[in-house]
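In case you want the letters, here they are:
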Amino acid sequence: MATVELRFSAQPEHVRTARLVAAAVARRAGVDEAVLDEVRLAVGEACSRAVGLHRSHGITAPVRVALTEEEKIFSIEVGDGVTAAGGEAGGAPSDTREGAPSGDPYDSDDEDEMGLAVISGLVDDVEVTSGDDGGVIRMSWPTTPAVATP
């Protein structure tokens, strides 16, 4: 299992870099060329969402992206630092966004919901979790094994 880890400050201009890295690693892992645009778009949505959450909650920790190549699957995890309680992972809860309920930072923001809907439309295997270490969007795609040439 090979993993590439990427961490970047929560700035919108870094999302493009994450998209490019994800597409390059996906290609190398054996993800079908026809699916690479979906990988780029899904990673862009997930990273944009994480950047938005970090900025709206005043979190200075970097956004985390892990790209993992397994035997027949390529997966990407995009992690943010917003805990289920709406605070920074490993710290005291911060103020939640205006208009959002104080319980779950992912409940009422229409932009978050739209981003998750786009990701769900692009990726067949997607899982969204939120816990004490922050939120994670895990996406995966099948890979085709490399064909050995004689």
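The structure contained in this document is the topic of the report that follows.

Conventions used here
Residues numbered from 1 in each chain as written. Predicted model: local features only at pLDDT ≥ 70, side-chain atom pairs only at ≥ 80, totals over all residues. Heavy atoms only, no water. Helix = DSSP H or I, 4+ residues; strand = E, 2+ residues; numbered from the N terminus. Buried < 20%, exposed > 50% of the residue type's maximum accessible area, 1.4 Å probe, protein only. Contact = heavy atoms within 4.5 Å. Areas by Shrake-Rupley, 256 points an atom, 1.4 Å probe, with all protein chains shown as cover. Pairing = 2+ DSSP bridges. Expected span 1.5 Å × (residues − 1). Core = buried A, V, L, I, M, F, W, Y, C linked by side-chain atoms within 4.5 Å. Patch = residues over 30% accessible without salt bridge, like charges linked within 9 Å, V, L, I, M, F, W, Y side chains within 5 Å. Salt bridge = Lys/Arg side-chain N within 4 Å of Asp/Glu carboxyl O. Lys, Arg positive; Asp, Glu negative; His and termini not counted. Charge placed at Lys NZ, Arg CZ, Asp CG, Glu CD. Axes fitted to C-alpha atoms, helices over the stretch in contact; angles between N-to-C directions. Polar contact = N/O pair within 3.5 Å; in protein donor to acceptor, adjacent residues only side chain to side chain. Left-handed = near helix turned anticlockwise from the far one by under 90°. Nonpolar A, V, L, I, M, F, W, Y, C, P; charged D, E, K, R; others polar.

## Points about the overall build of the protein chain
Consideration 1: When its secondary structure is counted, the protein chain shows 3 helices and 5 strands.
Consideration 2: Each helix (α) and strand (β) of the protein chain, taken in turn from the N terminus, gives the series β-α-α-β-β-α-β-β.
Consideration 3: Per-residue burial for the protein chain yields a buried fraction of 39% across its 150 residues.
Consideration 4: Residue pairs in contact within the protein chain that sit at least 24 positions apart in sequence constitute 62% of those at least 6 positions apart.
Consideration 5: Accessible area for the protein chain stands at about 8100 Å²; split by element, carbon and sulfur atoms hold 50% of it.

## Brief notes about the pairing of strand S2 (residues 63–69)
Consideration 1: Of all the 7 residues making up S2, 5 are buried; the element is thus mostly covered by neighbouring parts of the structure.
Consideration 2: Sheet topology note: the S2/strand S3 (residues 73–79) ladder contains 6 bridges and is antiparallel. Looking across to S3, one finds that leucine 67 is bridged to isoleucine 76.
Consideration 3: Count of turn residues in the S2/S3 antiparallel hairpin: 3 residues.

## What about helix H2 (residues 36–57)?
Consideration 1: With 22 residues, H2 ought to run about 32 Å at 1.5 Å a step, and its terminal C-alpha atoms sit 31 Å apart, in line with that.
Consideration 2: Positioned one or two residues after H2, glycine 58 has a phi angle of 65 degrees, which is positive.

## Brief notes about the nonpolar core
Consideration 1: Formed by 31 residues in total, the largest nonpolar core has its most connected members in Phe74, Ile76, Val78, Met139 and Trp141.
Consideration 2: Secondary structure elements with two or more residues in this core: strand S1 (2–8), helix H1 (15–29), H2, S2, S3, helix H3 (110–122) and strand S5 (134–142).
Consideration 3: Ranked by the residues each element gives to this core, the list is headed by H2, at 8 residues.
Consideration 4: Once residues lying within four places of it in the same chain are set aside, the contact partners of isoleucine 76 are Ala22, Val39, Val43, Val65, Ala66, Leu67, Ile137, Arg138, Met139 and Trp141.

## Looking at a negative patch on the surface
Consideration 1: Residues Glu38, Asp124, Asp125 and Glu127 make up a contiguous surface patch of negative charge.
Consideration 2: By relative accessible area, aspartate 125 is classed as partly exposed at 39%.

## Observations regarding the sheet that holds S5
Consideration 1: Strand order in the open sheet formed by 5 strands is S1-S2-S3-S5-S4, with antiparallel pairing between adjacent strands. Either end of the sheet is taken by a strand with one partner, and the two such strands are S1 and strand S4 (125–131). Strand-to-strand twist of the sheet, defined as the mean angle between neighbouring strand axes without regard to direction, takes the value 15 degrees.
Consideration 2: Inspection of the sheet shows S1 paired to S2 by 7 bridges, in the antiparallel sense. Among the inter-strand pairings, alanine 2 is bridged to a residue of S2, identified as glutamate 69.
Consideration 3: Set on the sheet, H2 makes contact with S1, S2, S3 and S5; between it and S5 the angle comes to about 180 degrees.

## Comments concerning the side chain of histidine 57
Consideration 1: Along the chain, histidine 57 turns up in helix H2.
Consideration 2: Take histidine 57: its relative accessible area is 5%, and that puts it in the buried class.
Consideration 3: In this structure the side chain of histidine 57 is engaged in a polar contact, spanning 3.0 Å, whose partner is the backbone oxygen of leucine 53.

## Some remarks on the packing of H1 against H2
Consideration 1: Running from amino to carboxyl end, H1 crosses H2 at an angle of 145 degrees, the nearest separation of the two axes being 9 Å. Handedness of the crossing formed by H1 with H2: right-handed. In this structure, H1 contributes Val15, Ala18, Arg19, Ala22, Ala23, Ala26 and Arg27 to the contact, and H2 contributes Leu36, Val39, Arg40, Val43, Gly44, Cys47, Ser48 and Val51.
Consideration 2: Looking at the contact of H1 with H2, its residues break down into 10 nonpolar, 2 polar and 3 charged.

So yeah, pure geometry; function would need other evidence.
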